[in-house]
Structures are given as C-alpha cells and as structure tokens.
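Remarks on the overall topology
This is what each chain is made of:
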Amino acid sequence: MDINQNTFRNFISNEDISHNELEDLFCLAQNIMNNPIKYAEVAKGRIMATLFYEPSTRTRLSFESAMMRLGGNVLGFDEAGTSSVSKGETIADTIRVISSYADICVMRHPKEGSVDVAAEYTTIPLINGGDGGHNHPTQTLTDLLTIKNLKGNINNLKIGFCGDLKFGRTVHSLVNALADFEDIEMFFVSPDELKIPEYLKSGVLKDNDVAFHETENFEEILNVVDIIYMTRVQKERFFNEEEYIRLKDIFVLDSKRLLNANKNLMIMHPLPRVNEISYEIDSDPRAVYFKQAKYGVFIRMALIIKLLNLEV
Ligand code: NCD
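Residues numbered from 1 in each chain as written. Predicted model: local features only at pLDDT ≥ 70, side-chain atom pairs only at ≥ 80, totals over all residues. Heavy atoms only, no water.

Right, let's talk about the pattern of salt bridges for a bit. Tallied over the full model, the rule gives 20 salt bridges. Two residues, E54 and R169, come together in a salt bridge whose shortest N-O distance is 2.9 Å. Here E54 is found in the loop between β1 (47-52) and α2 (58-69), whereas its partner R169 is found in helix α6 (residues 169-178), with 115 residues between them in sequence. When sorted by exposure, E54 lands in the same class as R169, which is buried. Close ionic contact of K158 with E185 constitutes a salt bridge, the shortest N to O distance being 3.7 Å. Of this pair, K158 sits in strand β5 (residues 157-162) while E185 sits in strand β6 (residues 184-189), and the two are 27 residues apart along the sequence. (Salt bridge = Lys/Arg side-chain N within 4 Å of Asp/Glu carboxyl O. Helix = DSSP H or I, 4+ residues; strand = E, 2+ residues; numbered from the N terminus. Buried < 20%, exposed > 50% of the residue type's maximum accessible area, 1.4 Å probe, protein only.)

A few words on unusual backbone geometry. Backbone torsion omega between L271 and P272 reads 5 degrees, so that peptide bond is classified as cis. For P272, the location among the structural elements is in the loop between β9 (266-268) and α11 (289-307). Its identity is not glycine, yet N156 carries a phi of approximately 55 degrees, on the positive side. You can see N156 is positioned in the loop between α5 (137-151) and β5.

Looking now at α6. With respect to burial, α6 is a largely interior element, ten of its ten residues being buried. Of all the residues in α6, the buried ones are R169, T170, V171, H172, S173, L174, V175, N176, A177 and L178.

Let us now look at the nonpolar core. Core analysis: the biggest nonpolar cluster contains 61 residues, and L144, F161, L178, M186 and I304 have the highest contact counts within it. Ranked by residue count, the leading element in this core is α11, at ten residues. Residues in contact with M186, not counting those within four places in the same chain, are I159, F161, V175, L178, A179, L205, V210, A211, F212 and H213. C162, F218, L253 and A287 belong to the second-largest nonpolar core, a separate cluster that totals 20 residues. (Core = buried A, V, L, I, M, F, W, Y, C linked by side-chain atoms within 4.5 Å. Contact = heavy atoms within 4.5 Å.)

Printed below as a string of structure tokens:
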C-alpha cells in the first residue's frame with residue numbers, strides 16, 4: 001500500500017508500513033532534522049488528538065511536540081479519569097466523536113488490542129501509542145532511526161534485549177521490526193518469569209530465520225553485542241507486588257558490568273528508567289537513551305506528515 005495515497009491510513013503496528021516506506025520516513029526525518037524551519041508550518045490548521053488512557057511522558061509529549069513543531073494544534077486527555085470513559089463511554093463511541101474534532105489521533109490504552117478496536121471506527125488516521133504489553137510501534141520507529149543514525153545501518157548487528165521481555169511492548173515491536181532486516185542476531189536476557197513471548201519465537205523470528213539466544217548471563221553478552229536494549233520491569237502489568245519486588249532489580253547495568261563490555265556497545269532504553277541503568281553510566285559515550293528520545297520527535301513529525309498527506 002502506498003503511504004502517499006489519498007485515503008487515510010492508520011499506524012497500529014509496524015507491519016502497517018513497508019520496508020520502502022520505512023526508508024522514506026527515515027529520509028524525511030533526516031530532512032526535518034537538517035532543516036526544521038522548512039517544516040514549521042506544514043500542519044498549520046490541523047489538529048492532533050492524544051487519547052491517553054495510560055500514563056506517558058515521552059510518547060504523548062513527543063507527539064504533541066512533533067505536531068506543534070509542524071505548526072499544528074493538539075487536544076486530548078492524559079488519563080481516562082478526566083474523559084467520558086469514567087462515565088462508561090466505549091472506545092468506539094469516543095473515537096467516532098474525536099474523528100470530527102481532530103484530523104489525526106494517537107491512542108494509548110492499557111488493554112492489548114484496544115487500539116485495533118478503535119481502528120474499526122475511526123475516520124481519521126489513528127496511531128497506536130502503546131497497547132498494554134503488546135505493541136508500541138512509534139517507539140520502534142524511534143529506536144530504528146536511532147540505530148540507523150548512530151550505527152550507520154540496521155543490518156548485520158548483534159542486539160541484546162534485557163529486562164522485562166514478557167510485558168515490554170517496546171521490545172515486542174522492535175523484535176518484530178528488526179526481524180525484517182539482514183543478518184540480525186538477537187540475545188534475550190531476562191529472568192525465567194519474564195522471557196520473550198513464545199509467539200515471537202515461533203512466529204516472526206522463526207519465519208525470518210533470525211538467530212536468537214535466551215540467557216541469564218548478562219555480563220557475557222555485553223561483550224558480544226553491538227547494542228544492548230535495556231527495559232524496566234513493567235510494574236503495572238504484574239498481578240502480584242511481591243513477584244515484582246523479587247524481579248525488579250535482577251539485571252542492573254552499572255559501570256562495573258560495563259568494564260569488559262564491547263567498546264563500541266550502544267546502550268539504548270525507551271525510558272522511563274527505574275533502576276536498571278545506574279546514573280553513573282549516563283555520561284558514558286555509549287549511553288544513547290537521551291539522544292534516542294530526541295530522535296522520537298523527528299520520526300513522529302515524519303509520520304504525521306505522511307499520514308496526513310501534508311505538502312512538503
Ligand atoms: C515505554 C512504554 O510506554 O512502553 N515508554 C515509552 O513509551 N518510551 C517503556 C516503558 O514504559 O517501560
């Protein structure tokens with residue numbers, strides 16, 4: 001499907017855009033970075049709605065920043081309690097109404113699949129800002145742009161994922177997207193209880209013949225991988241507080257653990273960080289998580305331009 005066509009499109013999962021379209025988005029994001037003034041008014045008169053039924057700092061604010069940097073406006077809510085959901089309104093009704101208040105919408109919801117439901121009723125482009133422990137496709141765009149810009153390309157890489165690989169939606173989306181690139185080898189480091197879901201192993205990883213390894217030996221892989229993608233243990237998705245407390249600090253990246261790590265290692269994290277990366281590492285040139293957050297604004301600007309078919 002051509003992203004430049006006139007009928008509207010949603011962005012619910014990374015499969016919604018082709019490899020070529022992804023390259024197009026990177027190219028546009030790069031042009032925006034090089035010349036932001038050129039894009040400062042392209043969304044003038046357009047409105048973005050941000051419907052966040054679950055807490056967020058980066059995703060919501062970076063979308064709002066992206067829309068404002070394109071000259072557009074934003075409206076929305078950042079917790080379900082302040083919207084009509086608290087009165088019992090369904091997602092279907094909310095999105096139908098929002099479709100006449102805004103030109104594009106970003107939705108985050110604690111339930112997996114809820115954005116798919118909204119997609120059935122929306123009449124404006126709908127973007128998934130994270131659905132439960134399932135997917136977070138625009139974080140993946142951010143991550144891929146970071147890798148492309150800081151590593152030079154997205155092929156031929158060894159990538160480690162560490163932390164909550166069971167509930168971490170950023171990991172699920174990124175693993176899915178990376179499986180489509182050449183010569184990617186993945187290393188999954190997690191406690192037994194938080195392992196990468198079976199559906200990814202027997203699905204996209206197997207179908208694309210991606211070499212992967214599961215291990216609890218964190219230090220060993222730090223010396224092997226080009227990138228380590230750290231994640232926090234997702235407290236809000238646990239049924240049992242004790243279980244969370246037991247697992248939350250199992251893998252912490254600190255300067256001691258980095259001593260024997262690959263000299264060209266790139267340390268990524270979607271943020272927010274809790275305890276899994278110690279603050280002393282922030283000044284290490286290998287730590288790129290704050291740059292990563294910055295790339296998020298540019299790739300979201302590019303996505304908005306494409307989904308709204310804006311003239312640039
Ligand atoms: C992530 C999320 O919401 O899934 N944060 C983000 O959007 N950058 C990661 C997390 O909450 O741990």
